[in-house]
There are 2 protein chains.
Amino acid sequence: MCHISNEMALVKNKKTKDGAEKKIVDAARKLFTEKGYDAVKTRDIAKEAGINLALLNYYFRSKENLFEIIMKENMGRFMEVITGIVNNEETSLEKKIEMLVANYIEILSVNPDMPLFVISNAKIDDHRMKLREKFLGSYFMKQIQQAMKAGKIADINPASLMLNIVGLTIFPFVARRMFQSSNGLTHEAFNELMQERKKMIPKWIEAMLKVK
Amino acid sequence: MCHISNEMALVKNKKTKDGAEKKIVDAARKLFTEKGYDAVKTRDIAKEAGINLALLNYYFRSKENLFEIIMKENMGRFMEVITGIVNNEETSLEKKIEMLVANYIEILSVNPDMPLFVISNAKIDDHRMKLREKFLGSYFMKQIQQAMKAGKIADINPASLMLNIVGLTIFPFVARRMFQSSNGLTHEAFNELMQERKKMIPKWIEAMLKVK
DNA sequence: TTTTGATTTAAACAAATGATTAAATCAATT
DNA sequence: AATTGATTTAATCATTTGTTTAAATCAAAA
């Protein structure tokens, strides 16, 4: 009677005719990411998934539950990118910046609504603390402090540097709807613009790091 | 019986004991800007304003009406800043960038939730198109194109330049809650950081504008 | 004092919405 | 064929929420 979705993935011993559970999560991801928690109704999710309201609650118990799954998923992707890059002791500072920017733009080009979703949904709290920690406690930050001491780059507040890298990369996606609306950019033109920025942002950051 | 709030401000011939209308708008501004449209209930607004639900609807007819007023107010402030600076034919390119950054940070330090509010509430449409137009059709843009032709600054996509200026300035406010949560920055430390950025962002932009 | 308009009170409405239930159906397994 | 578990159907609940109403109160103007 009482299903806990984590176990389901493993336990699911019988049919699950057409993977109803997956269809629900897919629909929830699409709608939540696009419209946010409040604007999405459980009935919308059921409809989008092509199943019915009862089954949604049968699997996931509640809307909040389902939302939590999507939120973890999204935050997880953000984390993966950072974790994989930021503590690699083999790569240079420049290479790390390049990789951070490229990886984020790559992911976000496919999931352009993700950043605004993560930022604007208050129900996170636990997850988001980690992101800051990951960044500021990383080998990447050590490299920066070393470079500053060695006089290779200008003194800069680590938080400000983080804001610059993340801001230049992610802000366009956050503000995307504002720029695209009405007479604005097409989806393709926007992606092109971001591909261009993928090359430029690391250069811009380097130039900024030389400013006294 | 049927009040239209625009006229009210002029018509209001009698008492309005303690300015109930203003108290409602103030409460609405605070709550909407802080939590967004869906999360705020008309009952919350009435409570915050210290008046009752009936009066709210007596004055403003509907929640949407009230929201529209706040949205216009907020967008208006954004516009004022841009309009006042961007078409001034007396000031240099550098001065304009400096003023844009300084003015935005000044306003947003007092209204830190404004950007996320504007960006994340879909119900704008009409308003936001103007922002883009204001920017791209401005004397500011002409100056940039001239400077590019003259070889004084590197070639850059105008949209990208706009994203850089606005992004570096506004993104910290958009992402503010993510950075401040838990063990993060205090309100004061955040404002200090932004004061520092007020000086640095124009320098950073200049440095970026020299990158080939 | 009467009148008038601002404000309150309390109640109610209708619609939307998250959640639950019980019985039916359907498809694969035994 | 009988069983079992997944899924559907349809109905219902309880709550929240935007909005409205009607009658009362209150304070100033006439």
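Residues numbered from 1 in each chain as written. Chains lettered and ligands numbered in written order. Predicted model: local features only at pLDDT ≥ 70, side-chain atom pairs only at ≥ 80, totals over all residues. Heavy atoms only, no water.

(A) The interface of chain B and chain A, seen in detail. On the side of chain A, 46 residues touch chain B, which itself brings 46 residues to the contact. Carbon and sulfur atoms make up 71% of the area that chain B and chain A hide from each other, which totals about 4,200 Å². Contact with chain A buries surface across chain B, with L163(B), F171(B) and M178(B) losing the most and accounting together for 17% of the total. The tally of links between chain B and chain A comes to zero salt bridges. Every element with two or more residues in the side of chain B that touches chain A is listed here: α7 (114–120), α8 (126–136), α10 (158–174), α11 (176–180) and α12 (187–208) of chain B. Sorting elements by how many residues they give to the side of chain B that touches chain A places α10(B) first, with 12 residues. A breakdown of the residues in the side of chain B that touches chain A according to their chemical character gives 27 nonpolar, nine polar and 10 charged. (Contact = heavy atoms within 4.5 Å. Buried area = accessible area lost by both parts, 1.4 Å probe. Salt bridge = Lys/Arg side-chain N within 4 Å of Asp/Glu carboxyl O. Helix = DSSP H or I, 4+ residues; strand = E, 2+ residues; numbered from the N terminus. Nonpolar A, V, L, I, M, F, W, Y, C, P; charged D, E, K, R; others polar.)

(B) Region of interest: the relation of the copies chain B and chain A. With an RMSD of 0.1 Å, the operation that places chain B on chain A is a rotation of 180° combined with a shift of 0.0 Å along the axis. Look at the turn and shift together and you get a two-fold axis relating the two. (Least-squares fit on C-alpha atoms with pLDDT ≥ 70 in both.)

(C) Here's a closer look at the environment of V101(A). All names here are of chain A. With respect to the element layout, V101 can be found in helix α6 (residues 93–110). Residue classification places V101 among the buried residues on the basis of a relative accessible area of 0%. Spatially, the C-alpha atoms of V101 and I170 are 8.9 Å apart, while their sequence positions differ by 69 residues. Dropping the residues within four chain positions of it, V101 is found in contact with I165, T169, K198, I201 and P202. (Buried < 20%, exposed > 50% of the residue type's maximum accessible area, 1.4 Å probe, protein only.)

(D) A look at the environment of V118(B). Residues and elements named next belong to chain B. Within the fold, V118 resides in helix α7. Residue classification places V118 among the buried positions, given a relative accessible area of 2%. Put simply, V118 and N74 are 44 residues apart on the chain and 7.6 Å apart in space, counted from C-alpha to C-alpha.

(E) Inspection of the nonpolar core at higher detail. Counting 146 residues, the largest nonpolar core has F32(A), I45(A), F140(A), I45(B) and F140(B) as its most contacted members. The contacts of I45(B), once residues within four sequence positions are left out, are I24(B), A27(B), A28(B), L31(B), F32(B), V40(B), L56(B) and L66(B). (Core = buried A, V, L, I, M, F, W, Y, C linked by side-chain atoms within 4.5 Å.)

(F) The confidence of the model for chain A, seen in detail. All names here are of chain A. Confidence along chain A averages 85 in pLDDT terms, with 85% of residues attaining 70 or more. Of all the helices and strands in chain A, helix α1 (residues 5–11) carries the lowest mean pLDDT, 33, while helix α12 (residues 187–208) carries the highest, 96. For the stretch residues 1–17, pLDDT sits under 50, and the model shows 12 contacts to residues farther than four places along the chain or on other chains. (pLDDT = per-residue confidence, 0-100.)

(G) Representation of α12(A) within the structure. Here α12(A) spans 30 Å end to end across 22 residues, near enough to the 32 Å set by a 1.5 Å rise per residue. Remark: the principal bend of α12(A), roughly 35°, maps to K199(A), with a proline, P202(A), within the next four residues. (Expected span 1.5 Å × (residues − 1). Bend = angle between axes of the 7 residues up to and from the residue.)

(H) View of the packing of helix α5 (residues 63–86) of chain A against α6(A). Residues and elements named next belong to chain A. As a packed pair, α5 and α6 sit with axes 10 Å apart at the nearest point and diverge in direction by 160°. Taken together, the axis directions place α5 and α6 in an arrangement best described as roughly antiparallel. For the crossing formed where α5 meets α6, the hand is right-handed. Between α5 and α6, the residues in contact are R77, F78, V81, I82, I85 and V86 and K96, M99, L100, N103, Y104 and I107, respectively. Residues belonging to the contact of α5 with α6 are distributed by class as follows: nine nonpolar, one polar and two charged. (Axes fitted to C-alpha atoms, helices over the stretch in contact; angles between N-to-C directions. Parallel < 35°, antiparallel > 145°, perpendicular 65-115°, else oblique. Left-handed = near helix turned anticlockwise from the far one by under 90°.)

(I) Broad picture of the packing of helix α6 (residues 93–110) of chain B against α12(B). Residue and element names in this part refer to chain B. Packing of α6 against α12 leaves a shortest axis separation of 9 Å and a crossing angle of 160°. By the angle class used here, α6 and α12 are roughly antiparallel. Here α6 runs over α12; the crossing is right-handed. For the pair α6 and α12, the contacting residues are E94, I97, E98, V101, A102, I105, E106 and S109 in the first and N191, M194, Q195, R197, K198, I201, P202, I205 and E206 in the second.

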